[in-house]
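Examining the three-dimensional arrangement
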Amino acid sequence: MTLPPGARDARRVGGGDINEAFRAVLADGSEAFVKTRADAAPGEYAAEAAGLAWLAEPGALRTPRILAVDDGYLALEWLPAGRLDAAGVEELGRGLAETHEAGAPVFGAEGACAVVGFGSLRLSNEPAADWPSFYAERRLLPLASMARERAALSAAGSDAVERLCGRLRDLAGPPEPPARLHGDLWSGNVMAGADGRPWLIDPSAYGGHREVDLAMLRLFGAPGERVFAAYDEVSPPAAGAQERVELYQLLPLLVHAVLFGGSYGSAAERVALRYAG
């Protein structure tokens, strides 16, 4: 393991996902959550730190304060955990809408977030001219290729993804400016503080379509329908959003097919066939 210089009293804890995680006291006396991994890619933790800071900028939802970052570790302020209460659920919905509305300069990202991770998987955020191009060229096509290479997606599924990408301009919904996305928004990346309010953690941040975050939250365990109602009160979705939910769930399904195989490949194939025409 690699810890920040001067860190002491390190105790192993859960919550590191693919990383080792520790509760430690840093040299300045700050109590920290430290994640570390021997094979972390250069810039991986810097991208996560930059994503957290970017999501915090609008002031709509909280992210942990970054205490130290290096290629070998990321140290964040220690957050006592609790349970999301009813007010916290509504805060998540409203805050997510306000965060999305804060926008992004491009579809994609540059600088520290030019490459982001989903678990051990790395994907390019190289900007594209529009959302359909980004979603096809930076997400669906590369992921389908990786899944096919790993025998996690059938040839029919891979072909369906390609045909779907050819139709994206008709499928993706009315054009919208880039939203400020968390990028990996499932229930495990919404932490409840001791005060019952939400914190966003573990982002794969970029500028994209806001329905991506909402679709993933529906796929992997939103803390209640009130999240979406509160979101809609601030920023109602464009016409046809309900018909696009699975289109944007295809992204996390392909990610999971690449990482875990199993039934995720068949689920991705079913969705791709629905939209392939």
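Structure: see above.
Read on for an overview of the structure.

Quick look at the environment of Val89 now. For Val89, the location among the structural elements is in helix 2 (residues 86–102). Note: C-alpha distance between Val89 and Arg197 (108 residues apart in sequence) is 7.6 Å. Residue contacts for Val89: discarding those within four places in its chain leaves Leu84, Pro223, Arg226 and Val227.

Under the definition given, this model contains 24 salt bridges. The salt bridge involving Arg218 is made with Glu225; its shortest N-O contact spans 3.4 Å. Taking the shortest distance from any N to any O, the salt bridge between Arg226 and Glu233 comes out at 2.8 Å. Residue classification places Arg226 among the partly exposed residues on the basis of a relative accessible area of 32%. Given the relative accessible area of 54%, Glu233 is considered exposed.

So, about the sheet that holds strand 2 (residues 20–25). Here five strands make up an open sheet; going across it, the order is 1-2-3-5-4 and the pairing antiparallel. Looking at which strands have only one partner, the edges of the open sheet turn out to be strand 1 (8–13) and strand 4 (66–70). In this sheet, adjacent strand axes meet at a mean angle of 20° when their direction is disregarded. Two strands pair when backbone bridges link them, and strand 3 (residues 31–36) and strand 5 (residues 73–77) are joined in this way by five bridges, in the antiparallel orientation. Looking at the pairing, Lys35 lines up with Leu74 of strand 5. Of the strands in this sheet, strand 3, strand 4 and strand 5 are in contact with helix 1 (residues 44–56), which crosses strand 4 at around 150°.

Definitions and cut-offs
- Residues numbered from 1 in each chain as written.
- Predicted model: local features only at pLDDT ≥ 70, side-chain atom pairs only at ≥ 80, totals over all residues.
- Heavy atoms only, no water.
- Helix = DSSP H or I, 4+ residues; strand = E, 2+ residues; numbered from the N terminus.
- Contact = heavy atoms within 4.5 Å.
- Salt bridge = Lys/Arg side-chain N within 4 Å of Asp/Glu carboxyl O.
- Buried < 20%, exposed > 50% of the residue type's maximum accessible area, 1.4 Å probe, protein only.
- Pairing = 2+ DSSP bridges.
- Axes fitted to C-alpha atoms, helices over the stretch in contact; angles between N-to-C directions.

Purely geometric stuff here, so don't read any function into it on its own.
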